[in-house]
Amino acid sequence: MTDAPDPLEVNRQTLAALEPEDLDGHSIDDLADYLDAGMRPADPSIDDSPACQNALAAIIRLRQATLGSLEAAARAEAPADDSWIGGVLANISIEARSGRDVPLRTEAPSEHLVMTEGAIRSLVRRAGDSVPGIVVARCSIDGDVTVLAAPVRVSVEVAIVVGPSIPATADLVRLAVDAALREQTDLVVEAIDVVVRDLIETMEEDA
């Protein structure tokens, strides 16, 4: 049996939608090579760039997501799974962009603290991916995030491994995302919608 194709290689052109101007002069290939080299020697132009750090985190999550159950699904139905992973990659490439500046509360009127929308989407994705049996396919924030205390709605589209209760797992995603946003941002979140877009069936290898 031939090896399943490396999803990162198959979909490299999709990730390349992030242009160097989006990544402080670096390309996705540069970041993948830097990651493969163990991020040594240290490159401050990457290490100190929020956009590059978001993209590196996205590449790491994608590589992790291709292990285990996704790897088994790819062996069972490679063309369909490649397409699904391509969709995840396309969304990651969009989400890694900085987007709007989201204000944070400050103690002094002279202070102006912000997080980028891309950093918050990355936070939402990490929180969702932390739930066992979940891979986040897409996340978005609806509402005027540029205004402090303006209500927003968060949407998280996920794939769930077949087996555990889908409603219960979706609730765990919602709780994880809510906790992360409360701890790390000052967003006023009026709702978190979890949409199940795909089911991942695991396979046992034949002895």
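Provided above is the structure to which this section pertains.
Attention here is on the structure that accompanies the text.

Cut-offs applied
Residues numbered from 1 in each chain as written. Predicted model: local features only at pLDDT ≥ 70, side-chain atom pairs only at ≥ 80, totals over all residues. Heavy atoms only, no water. Helix = DSSP H or I, 4+ residues; strand = E, 2+ residues; numbered from the N terminus. Buried < 20%, exposed > 50% of the residue type's maximum accessible area, 1.4 Å probe, protein only. Contact = heavy atoms within 4.5 Å. Areas by Shrake-Rupley, 256 points an atom, 1.4 Å probe, with all protein chains shown as cover. Pairing = 2+ DSSP bridges. Axes fitted to C-alpha atoms, helices over the stretch in contact; angles between N-to-C directions. Salt bridge = Lys/Arg side-chain N within 4 Å of Asp/Glu carboxyl O. Core = buried A, V, L, I, M, F, W, Y, C linked by side-chain atoms within 4.5 Å. 1 Å grid on protein atoms, 1.4 Å probe; cavity = no way out; pocket = protein on both sides within 12 Å on 5 of 7 lines; lining within 4 Å. Points joined across faces, edges and corners; volume = space filled by probe spheres on them. Nonpolar A, V, L, I, M, F, W, Y, C, P; charged D, E, K, R; others polar.

1. Observations concerning the overall build of the chain
Part 1 of the reasoning: Of regular secondary structure, the chain possesses nine helices and five strands.
Part 2 of the reasoning: Helices and strands appear in the chain in the N-to-C order α-α-α-α-α-α-α-β-β-α-β-β-α-β.
Part 3 of the reasoning: Put simply, the chain has 207 residues, and 42% of those count as buried.
Part 4 of the reasoning: Within the chain, residue pairs in contact and separated by at least 24 positions form 63% of the contacts whose partners lie at least 6 positions apart.
Part 5 of the reasoning: By element, 52% of the accessible surface of the chain is carried by carbon and sulfur atoms, the whole surface being about 11,000 Å².

2. Focus: the sheet that holds strand β4 (residues 151-161)
Part 1 of the reasoning: Taken together, three strands build an open sheet; the order of strands is β3-β4-β5 and the sheet is mixed. If you trace the sheet from one side to the other, it starts and ends with β3 (134-142) and β5 (188-200), each paired once. Along the sheet, successive strands turn relative to each other by an average axial angle of 15°, direction set aside.
Part 2 of the reasoning: For β3 and β4, the ladder comprises eight bridges, and the chain directions are antiparallel. Paired with R138 across the two strands is E157, which belongs to β4.
Part 3 of the reasoning: Set on the sheet, helix α8 (residues 117-129) makes contact with β3 and β4; between it and β3 the angle comes to about 145°.
Part 4 of the reasoning: Each of β3, β4 and β5 touches helix α9 (residues 166-184); the most contacted strand, β5, lies at about 140° to it.

3. Looking at the pattern of salt bridges
Part 1 of the reasoning: Enumeration according to the criterion identifies eight salt bridges in this entry.
Part 2 of the reasoning: The salt bridge involving E157 is made with R138; its shortest N-O contact spans 3.6 Å. Of this pair, E157 sits in strand β4 while R138 sits in strand β3; the two residues are 19 residues apart in sequence, bridging distant segments of the chain.
Part 3 of the reasoning: What makes E157 buried here is its relative accessible area of 14%.

4. Considering the nonpolar core
Part 1 of the reasoning: Grouped together as the largest cluster of nonpolar side chains are 25 residues, with contacts concentrated most on V156, V177 and L181.
Part 2 of the reasoning: Every element with two or more residues in this core is listed here: α8, β3, β4, α9 and β5.
Part 3 of the reasoning: What V177 contacts, discounting residues up to four positions off in sequence, is V124, A127, G128, V154, V156 and I192.
Part 4 of the reasoning: L23, I28, A55 and I59 belong to the second-largest nonpolar core, a separate cluster that totals eleven residues.

5. Observations regarding unusual backbone geometry
Part 1 of the reasoning: The phi dihedral of D24 falls on the positive side, at around 50°, and the residue is not glycine.
Part 2 of the reasoning: Its place among the elements puts D24 in the loop between α2 (12-15) and α3 (28-36).
Part 3 of the reasoning: At A149, a residue that is not glycine, the phi angle is positive and equals roughly 75°.
Part 4 of the reasoning: For A149, the location among the structural elements is in the loop between β3 and β4.
Part 5 of the reasoning: We classify A149 as partly exposed; its relative accessible area is 40%.

6. Topic: the side chain of S155
Part 1 of the reasoning: Mapped onto the fold, S155 is located in strand β4.
Part 2 of the reasoning: Judged by relative accessible area, which is 14%, S155 ranks as buried.
Part 3 of the reasoning: Those residues within four positions of S155 in sequence are excluded, and the remaining contacts are R138, C139, S140 and D193.

7. Digging into empty space enclosed by the protein
Part 1 of the reasoning: Overall, the coordinates contain two cavities of 30 Å³ or more when judged by the stated rule.
Part 2 of the reasoning: Along the wall of the largest cavity there are 14 residues; nearest its centre are V102, V147, A149, D186 and L187.
Part 3 of the reasoning: Among the elements that line the lining of the largest cavity, the one with the most residues is strand β1 (residues 101-104), at three residues.
Part 4 of the reasoning: Of the residues belonging to the lining of the largest cavity, the class tally is eleven nonpolar, one polar and two charged.

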